[in-house]
Amino acid sequence: GISANTEFHHRIRAFQWAAYQAVLDDKDRVRQANIPRIVMQWRVFYDLQPWIQHEQNPLPAEHDLHGLIQRIYDSAEQLPQGLEKQLKKQNMLYWVADKVSRLFSNYMVYRGFCQQGCEGVCQCQSNWLAVWGQQKRLNLKQQIYTPKNFASEEEKQAALEIYAFTQAQAEELEQWQSWLWSHIFHADFKKMQEIDQQFWQALGDPENPNACINKLPKQLVIFTLLDLPPSQLLFIRRLAQYMDIFILHYNPSQEYWADMVDPKWKLNMDARIKSRFIREMESQNKTVSDDDITAYIKKYNGEFNADMRESHHPLLTRFGKQARDHFSLLAALSSGDEGEWYDLFPEEEPQHLLGKIQSDVLNLVEPVAQAYDLDPADESLQIHVCHSSLRQLEVLKDRLIAWLGQDDSRQASDILVLSPKLKEQESLIRSVFAAPPSERDLYQKGQQKAQQNQATLGHQLTQDSVYLPIQIAGISSLDIHNAWRAVVGRIALVQGRFSFEEFGDWLSLAATQQRYALNLNNIERMNELLANAGFKRGLDAEHLKRSLSADDQDYRFSLKFALDRLALGVAVPEHCVVQHTLSYAGVQSSDFELIFKLIQIYQDFAQRRDWLIQHELGQAKTVEYWLKQLMQDLSEFQDAGVDVLASVFSLVQKHDRMLTLASYFDAQPGQDLRHLSLPLDYILQEISAQLETQLEQASPSGAITFSQIGAIRPLPYKLIVMLNLDNGVFPSRDQQLAFDLMQLLKPQLGDRSRIEDDQGAFLDS
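Residues numbered from 1 in each chain as written. Predicted model: local features only at pLDDT ≥ 70, side-chain atom pairs only at ≥ 80, totals over all residues. Heavy atoms only, no water.

Concerning the overall build of the chain
Phase 1 of the analysis: Helices and strands together make up the secondary structure of the chain, namely 29 helices and 10 strands.
Phase 2 of the analysis: Burial analysis of the chain (765 residues in total) assigns 43% to the buried set.
Phase 3 of the analysis: Summarising the internal contacts of the chain: among those between residues at least 6 apart in sequence, 73% fall at separations of at least 24.
Phase 4 of the analysis: Entry remark: accessible area of the chain is about 41500 Å², with carbon and sulfur atoms responsible for 49%. (Helix = DSSP H or I, 4+ residues; strand = E, 2+ residues; numbered from the N terminus. Buried < 20%, exposed > 50% of the residue type's maximum accessible area, 1.4 Å probe, protein only. Contact = heavy atoms within 4.5 Å. Areas by Shrake-Rupley, 256 points an atom, 1.4 Å probe, with all protein chains shown as cover.)

Structure below.
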C-alpha cells in the first residue's frame, strides 16, 4: 500500500522531454527547444497580424498565404470600415492561429519522423515536415484514396468528382500550411531533432552505455495507452536498450485480431468485388450464376488472408479500431527479440448476460441469434430509455439507491458514471444529487410547512434525507468559476450595456463580497439605494456615448449618475438640486460606508473600462503587460481571502513563464515575444479555456465518481453507468480540427481519431 520515488507523466511525450532534461547538460537549450502550443499560437498571430491591418488583402494572388488571408478579410466583408471590422478580422486571425498551433503540434508527433532510417535528409512521404522544411510539396496523389471497383458508370463519375474535390482541397491547405511551417517553425523543429540526436549520443552504445544512463530512472511503466504515435513507440523501443520498460496494454481480446475489419466495411468490399466480377463477365458476353459469384468472392478473399480479415465479433471490430491499431503496433514486439511478452487473461466462466458478452469478445466467438439467455432476474446489463438528460439523472439516482441497498458491502466508491459531455450536464448533476439542507434550512422549511400541512412536511423531510455523495472528476469547482467571473467582471461588464441587473449579479458573487468586505444585507441595501437613485444602465456618460447615437445626449440613469445623487445626499440631506444634480434624500448615516464602497467599485470599473479595446484604440499593450495586470488583480482578491483563485493565479503565472522562456531564447532579431501585443480578450479566453479543459485530469474519488467518458478507463468498478449516449452526442463529432490534412489523406497506423476514441472508451467500459 506504499508507493515512493515515483514520478507520473500524463503522456509519453512528457516523459520524453523529462528524459532529455535529465540526461543533457545544457538544460536551457532543452527548455528552448520544447515550445509550448500556446507560444506557437501567439507566434502565428504575431507573424500574420501585419497583413490584416489594411482595408484590402495586401498579398498578391500568387502568394502562398493569399487564400488564407483572404478568408480572414472575407469574414469581415459585410461590416463597415472601422473598429468593428478590425475586431472581426482580428478574432478570425486568432481563431486561425489557434487551429494552426494544434495542427502543427499533431503533425510534429504523427507526420514529422523518419520511418525508414533514411541517410541524410529524410525522403519518407509520410514525413511531411521534412518535405515542407525543404520548401517542397507532398505527392498528394499518392496519399489520396484512388477510386476503383465501381458498380456503375454513375458511381464512377461521383467517385471521381469526390477525388478531384479532395485533391483540390488538400492542395489548397498544403499551400499555406507548408509556407507557415517552413517560415515560422522549421528552424525550431530542427532544434528539437538535434536535442533528440544529442540525447542518444550522450547515452552511448547500448552494449557499453555512458555514465549518463544513471541519470535516468531504473524502470519505466506505461499503462492504459489512449494514443500511441509510432514516433513515440520508436523512442520507447530505443530507450528499452538502456533500461527496463514495462508496457501494460489493456487488450479486449486474447486472440490475434490485428487484421480484423469492421463488418460494414467487409460487406461494402464484397459488394464491390461482386460488381466488378459481373462487369468482367458481361464484357466477355458470359452468363453469371450465383454459384460463380460465390466461388469468385471465396477465391478472392482466400488470396487476401480472408479468415484474418473477417469480423468474428462486430462489437469488437466496430468499436475497437483504435485498440486494434495499438495492438498491431505492439504486436511487432511479440517476437521476443526486444523483450518478453506475457498474455494475462482471466479464465472465468460467464455467470450472467454481461459476462457472456465479455467472454465472447475475449475469445472472438461470433454472436449467434438466440444464444443469449434473457433472465428477468439478471441485472448485469440494463438499458433505460428516458426523454431528457434530467430524467436520466432522476432515474439514475433511484436505481443507485436501490443498488446500494441490495448489499451492505456495496459502497458509493464502487460506482462510476460516464457521460460524453460532462460539462454540459454539471448543473443538472449537482441539482439532482444536491447535498442535504442544513439543520437551519430544515427548521425554516418546517416552520413554513407546519402552517400548511404537517403530514406533507414529514414526507418532505424523509425525501430530503436521501443523500448520495458524488464527485464530478476533471471539472473545476463552481467556486473557482464564480471567483474568476468576479475578477473578469470588472474588465468585461463595461463592454456591454452594463445594466443594473448585470451589476447586481456581479455584486452578489461571493468573491466580490470578500474583496469589498460586504455581506448579503449590504448588497440588498446597495441595490435598493442604486435603484431608488435611478441607476438603469451604463457606467457613466463616457460609457454611454459608445452605444448611443450622436444626437442622443441623455446620459442620465448611469451608475455614476446614481452615485452623484447618493453622494450629494450624504452632503445635503434634502431633496434639492445642487449644481444640476438632484440629491437623494433617503440616505441614512449607516449608508455612508456603503456609498463610499460603491464609489470605490465605480473607480475600479472606470480604471479598466478600455482594457479590452486598447488594442483597437491604438494603445496596444504586450502580452507580458496584461499577464502582470491579471496577476495584480488576482492578488488583490486573494489578499482579501478569496483562496480558490490560487489555481487561476498559477495558470496566469504559467503563461508568464512560458512567454519569458520563449522570448529569452528567441535569437531572431525583431521577433522577441516580449514585444508581442495581443488584445486582453484573447488572453482571458485562453485562461478560461484552460479552466474548462481539465477533464483529462480526472481521477477516481471516494464517492460516486462522475467522469467524462474515456477519462477514467479501464478500472474495475462494480457498477458502471453511461449517460447521454444519444445519436449526435456520442460519439463526439465536434472535436475535429479545422484545416486538418490528416483527415483528408490516407491514415497511417497509430493515427488518433476522436470518434474512435469515444467508441473505444465505450467498448472498454
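What follows continues from the structure just given.
Observations concerning helix 27 (residues 680-692)
Phase 1 of the analysis: In this model helix 27 runs 19 Å from its N-terminal to its C-terminal C-alpha over 13 residues, within 8% of the 18 Å that 1.5 Å per residue would give.
Phase 2 of the analysis: Along helix 27, the positions that sit buried rather than exposed are Leu680, Tyr682, Ile683, Leu684, Glu686, Ile687 and Leu691. (Expected span 1.5 Å × (residues − 1).)

Regarding the pairing of strand 5 (residues 415-419)
Successive side chains on a regular strand alternate, one facing one side of the sheet and the next facing the other.
Phase 1 of the analysis: In terms of burial, strand 5 is largely enclosed, as 5 of its 5 residues are buried.
Phase 2 of the analysis: Neither face of strand 5 is exposed, since Ile415, Val417 and Ser419 on one face and Leu416 and Leu418 on the opposite face are all buried.
Phase 3 of the analysis: Sheet topology places strand 5 next to strand 10 (residues 719-722); 4 bridges connect them, and they run parallel. Its bridge partner being in strand 10, Ile415 is matched across the sheet by Leu719.
Phase 4 of the analysis: Alignment of strand 5 against strand 9 (residues 704-708), held across 4 bridges, turns out to be parallel. By the bridge assignment for strand 9, Leu418 is matched with Ser707. (Pairing = 2+ DSSP bridges.)

Regarding a nonpolar patch on the surface
Phase 1 of the analysis: There is a patch of nonpolar side chains on the surface, built from Phe8, Val221, Phe223, Phe246 and Leu248 and spanning about 520 Å² of accessible area.
Phase 2 of the analysis: Elements with a minimum of two residues in the nonpolar patch: strand 3 (219-223) and strand 4 (244-248).
Phase 3 of the analysis: With respect to the helices, strands and loops of the structure, Leu248 is situated in strand 4. (Patch = residues over 30% accessible without salt bridge, like charges linked within 9 Å, V, L, I, M, F, W, Y side chains within 5 Å. Salt bridge = Lys/Arg side-chain N within 4 Å of Asp/Glu carboxyl O.)

Points about the packing of helix 3 (residues 37-48) against helix 7 (residues 153-203)
Each pair of packed helices gets described by two things: the angle between the helix axes and the distance between those axes.
Phase 1 of the analysis: Two numbers describe how helix 3 lies on helix 7: the axes approach to 11 Å, and their chain directions differ by 140°. Viewed along their axes, helix 3 and helix 7 adopt a mutual orientation that is oblique. In the crossing of helix 3 with helix 7, the sense of the turn from one axis to the other is right-handed. Facing Met40, Arg43, Val44, Asp47 and Leu48 of helix 3, the residues of helix 7 in contact are Leu180, Ile184, Phe185 and Asp188.
Phase 2 of the analysis: Residues belonging to the contact of helix 3 with helix 7 are distributed by class as follows: 6 nonpolar, no polar and 3 charged. (Axes fitted to C-alpha atoms, helices over the stretch in contact; angles between N-to-C directions. Parallel < 35°, antiparallel > 145°, perpendicular 65-115°, else oblique. Left-handed = near helix turned anticlockwise from the far one by under 90°. Nonpolar A, V, L, I, M, F, W, Y, C, P; charged D, E, K, R; others polar.)

Comments concerning the pattern of salt bridges
Phase 1 of the analysis: The full count for this structure, using the stated rule, is 35 salt bridges.
Phase 2 of the analysis: Notably, a salt bridge pairs Arg430 with Glu426, separated by 2.9 Å at the nearest N-O pair. Residue Arg430 and its partner Glu426 are both found in helix 15 (residues 422-432); the two are separated by 4 residues, about one turn of the helix.
Phase 3 of the analysis: Residue classification places Arg430 among the partly exposed residues on the basis of a relative accessible area of 33%.
Phase 4 of the analysis: A salt bridge links Asp591 to Arg525, with the nearest nitrogen and oxygen atoms 2.6 Å apart. With Asp591 in the loop between strand 8 (581-582) and helix 24 (592-607) and Arg525 in helix 21 (residues 520-533), this residue pair connects regions lying 66 residues apart in the sequence. The pair formed by Asp591 and Arg525 is uniform in burial state, with each residue classed as buried.
Phase 5 of the analysis: A single salt-bridge network, built from bridges that share partners, covers Arg490, Arg515, Asp604, Arg608, Asp633 and Glu636.

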